[in-house]
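# Fold and contact review
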Amino acid sequence: MSVHIRYRFNKEVGDYLKDEHMTRGYTVVETNFEYPFHRVLKEFYKDINHKRPRGVQIFNIWRTPAGEANYKMEEQERRRG
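What counts and what doesn't
- Every chain begins its residue count from 1, and numbering advances along the sequence as written.
- A pLDDT threshold of at least 70 governs which residues receive local features in this predicted model, and a stricter bar of 80 or more applies before side-chain atom pairs are shown or counted, although totals over entire chains, interfaces and linings include all residues.
- Only hydrogens and water are set aside; all other atoms, that is, all heavy atoms of the structure, feed into the side-chain values.
- Aromatic pairs are defined between Phe, Tyr and Trp rings, using the six-membered ring for Trp, whenever the two ring centres lie within 6.5 Å; interplanar angles under 30 degrees are classed as stacked, those over 60 as edge-to-face, and all others as tilted.
- Here's how the labels work: a residue is buried when its accessible area is under 20% of the maximum for its type, exposed when over 50%, partly exposed in between, all with a 1.4 Å probe on protein chains only.
- Counting from the N terminus, the helices are DSSP H or I runs at least four residues long and the strands are E runs at least two residues long.
- Sitting over a ring, as applied to charges here, requires NZ of Lys or CZ of Arg to be within 6 Å of the ring centre and within 35 degrees of the ring normal.
- Counted charges follow a simple rule, with Lys and Arg positive, Asp and Glu negative, and His plus the chain ends left uncounted.
- A side-chain nitrogen of Lys or Arg and a carboxyl oxygen of Asp or Glu constitute a salt bridge if their distance falls within 4 Å.
- Here a polar contact is recorded for every N or O atom pair within 3.5 Å, except that within protein the pair must consist of a potential hydrogen donor and a potential acceptor, and residues adjacent in sequence are included only if both atoms are side-chain atoms.
- Any two residues whose heavy atoms approach within 4.5 Å at even a single point are treated as in contact.

The full count for this structure, using the stated rule, is five aromatic pairs. Where Y7 meets F9, the ring centres are 5.6 Å apart and the plane angle is 85°; that geometry is what we call edge-to-face. Exposure class is identical for Y7 and F9. Each is buried. Here Y26 and F44 contribute two aromatic rings whose centre-to-centre distance is 5.1 Å and whose plane-to-plane angle is 70°, an arrangement assigned as edge-to-face. Here the residue Y26 occupies a position in strand 2 (residues 24-29), and F44 occupies one in helix 2 (residues 37-48), the gap between them amounting to 18 residues. Positioned above the aromatic ring of Y16 is the side chain of R24, whose terminal nitrogen or guanidinium carbon lies 3.8 Å from the ring centre. Sitting above the plane of the F37 ring, R63 keeps its charged end 4.7 Å from the centroid.

Here's what the structure looks like:
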């Protein structure tokens, strides 16, 4: 299983600054245990802020079961932004 987060930094740069519909992605792959969303969010914020604090806006968070069919769904979601 995997948990996916679509987000943007409050102060974007580059292509993300030019296109307000463009989002970044973060994925946690769960192997033997399904983590609660609050734990995934803690890890997300720890990873995002490991060098310096940055504000983020989360647009979507969801879980997908393991499997190739779900990988295709994730790719379609990624392309849509």
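As a further point, take the side chain of R8. With respect to the helices and strands, the residue R8 is situated in strand 1 (residues 2-9). Within the buried core, R8 has no salt-bridge partner, and the shortest N-O distance to an opposite charge, that of E12, equals 4.7 Å. A distance of 3.1 Å separates a polar atom in the side chain of R8 from the backbone oxygen of D19. Sequence-distant contacts of R8, defined by excluding residues within four places in its chain, comprise Y16, D19, E20, M22, T23, G55, V56, Q57 and F59.

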